[in-house]
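Letter by letter, the chains look like this.
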Amino acid sequence: MTGPTPRPNVAAIPAYVPGKPPTVRPGMTSYKLSSNENPYPPLPGVVEAAHRAVEVMNRYPDMGNSALYDALAARLGVPVTDLAAATGSVALIYQLLHAFCEPGDEVVHAWRSFEAYPIAITSAAATSVAVPVTADGRHDIDAMVDAITPRTRCVMVCTPNNPTGPSVTQAELDGLLARVPSDVLVVVDEAYVEFVRMDDAVDGLATYRDHPNVVLFRTFSKAYGLAGFRVGYAVAHEPVAAALRAVSLPFGVSGVAQAAAIASLDAEAALLERVDALVAERDRVQAGLAEAGWDVPSSQGNFVWFPLGERTPDFAVAADELGIVVRPFGAEGARVSIGEVEANDRLLELARAFPH
Ligand SMILES: *Cc1c(COP(=O)(O)O)cnc(C)c1O
């Protein structure tokens with residue numbers, strides 16, 4: 001007798017390794033620097049809006065996310081038809097591949113990059129084409145273009161790149177777009193866009209306006225501090241946005257998440273001040289690391305990457321002993337989120353003491 005069998009790709013899906021919670025140590029505050037979350041507690045207006053939505057939890061949420069789309073359309077200057085919201089931008093990655101890939105179609109992405117990419121690609125029975133990042137953690141745009149074949153349906157551009165930190169420039173993105181066939185989607189994953197401070201930064205909205213094959217993914221999880229509520233959105237020309245909406249889980253984004261996201265857009269000024277403070281901390285940490293003799297990729301996100309190779313697990317253990325939890329990636333390196341000032345000080349203390 002044989003039992004039910006999932007599609008063959010299901011057994012090949014890599015496991016998602018979530019950032020560990022902090023180890024509890026008596027007499028010591030521990031900090032979670034393992035998931036690139038916003039360390040600030042939610043703003044008062046956001047909490048109240050969420051509370052109001054809690055009062056009506058017996059009702060389904062607005063399936064059309066209409067108030068959220070209106071708020072985003074006004075904020076971004078795009079038509080509501082060009083938006084698709086989902087339970088985090090991770091869900092949008094799944095939806096996009098589900099809507100556009102036949103089994104065996106190829107998706108080109110940098111590696112190491114966001115660990116959800118190969119998971120979502122394999123879930124869709126598509127083929128992950130991983131193009132190594134350069135020694136300084138950047139997307140190798142030429143190699144990514146060279147990796148495109150007639151089977152390629154999508155190219156993922158993660159900017160800033162999680163976990164290595166650098167962003168692509170607008171010139172690099174334009175160079176890529178000029179060489180990608182017009183029927184290949186180009187995802188610009190802007191999960192950390194609010195933290196970018198550089199010359200020739202990507203203007204995602206202008207790029208989407210000029211290119212019907214560009215899809216922007218953004219999230220309320222990082223700068224906006226709503227990781228626990230699961231809400232992200234895509235911006236793309238209508239045919240692509242409509243396909244994303246068509247394959248979405250009905251009633252996926254909860255009423256609480258919709259209300260909190262709208263309130264966060266209303267509280268944007270206060271939120272972006274906090275982002276400025278985190279950017280200042282990121283720059284302080286990077287300067288401290290350089291002073292301590294570390295050569296790490298220049299990060300545009302709310303995290304830094306330590307390319308430690310075999311010493312990665314030791315670094316994670318040493319961090320844990322200092323009361324900070326980092327995110328190790330095998331024998332490649334460790335990503336450390338920018339957190340509270342005290343947490344960042346401990347990271348610098350670790351970096352000064354750890355052999356490098
Ligand atoms: C965190 C992250 C996301 C978004 O995650 P959601 O919480 O699902 O919105 C998307 N892309 C990258 C690169 C990320 O790091």
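- By the naming in an unreviewed UniProt entry, the chain is Aromatic amino acid aminotransferase, taken from Nocardioides anomalus.
- Quoted verbatim from the Function (unreviewed entry) field of the UniProt record, the comment on the chain reads "Aminotransferase that catalyzes the conversion of aromatic amino acids and 2-oxoglutarate into corresponding aromatic oxo acids and L-glutamate."
- In its Sequence similarities (unreviewed entry) section, the UniProt entry covering the chain states "Belongs to the class-II pyridoxal-phosphate-dependent aminotransferase family."

Section: the domain arrangement of the chain
So, point 1. Domain boundaries assigned for the chain yield domain 1 (18-42 + 268-353) and domain 2 (44-265).
So, point 2. Here the C-alpha centroids of domain 1 and domain 2 sit 25 Å apart.
So, point 3. Facing 25 residues of domain 1, the contacting portion of domain 2 comprises 27 residues.
So, point 4. Together domain 1 and domain 2 conceal approximately 2300 Å² of surface at their shared face, both sides included; 55% is due to carbon and sulfur atoms.
So, point 5. Of all residues in domain 1, Pro-42, Glu-268 and Gln-300 give up the largest surface area on contact with domain 2, accounting jointly for 28% of the area buried on that side.
So, point 6. Between the two partners, domain 1 and domain 2, sit four salt bridges.
So, point 7. Here Glu-332 makes a salt bridge to Arg-112, at a shortest N to O gap of 3.0 Å.
So, point 8. Per element, the largest residue contribution to the side of domain 1 that touches domain 2 is eight residues, and it comes from helix H11 (residues 268-291).
So, point 9. Grouping the constituent residues of the side of domain 1 that touches domain 2 by class yields 10 nonpolar, eight polar and seven charged.

Parameters at a glance
Residues numbered from 1 in each chain as written. Predicted model: local features only at pLDDT ≥ 70, side-chain atom pairs only at ≥ 80, totals over all residues. Heavy atoms only, no water. UniProt positions renumbered as here; feature names shortened; annotations may be inferred. Domains from an automatic or database assignment. Contact = heavy atoms within 4.5 Å. Buried area = accessible area lost by both parts, 1.4 Å probe. Salt bridge = Lys/Arg side-chain N within 4 Å of Asp/Glu carboxyl O. Helix = DSSP H or I, 4+ residues; strand = E, 2+ residues; numbered from the N terminus. Nonpolar A, V, L, I, M, F, W, Y, C, P; charged D, E, K, R; others polar.

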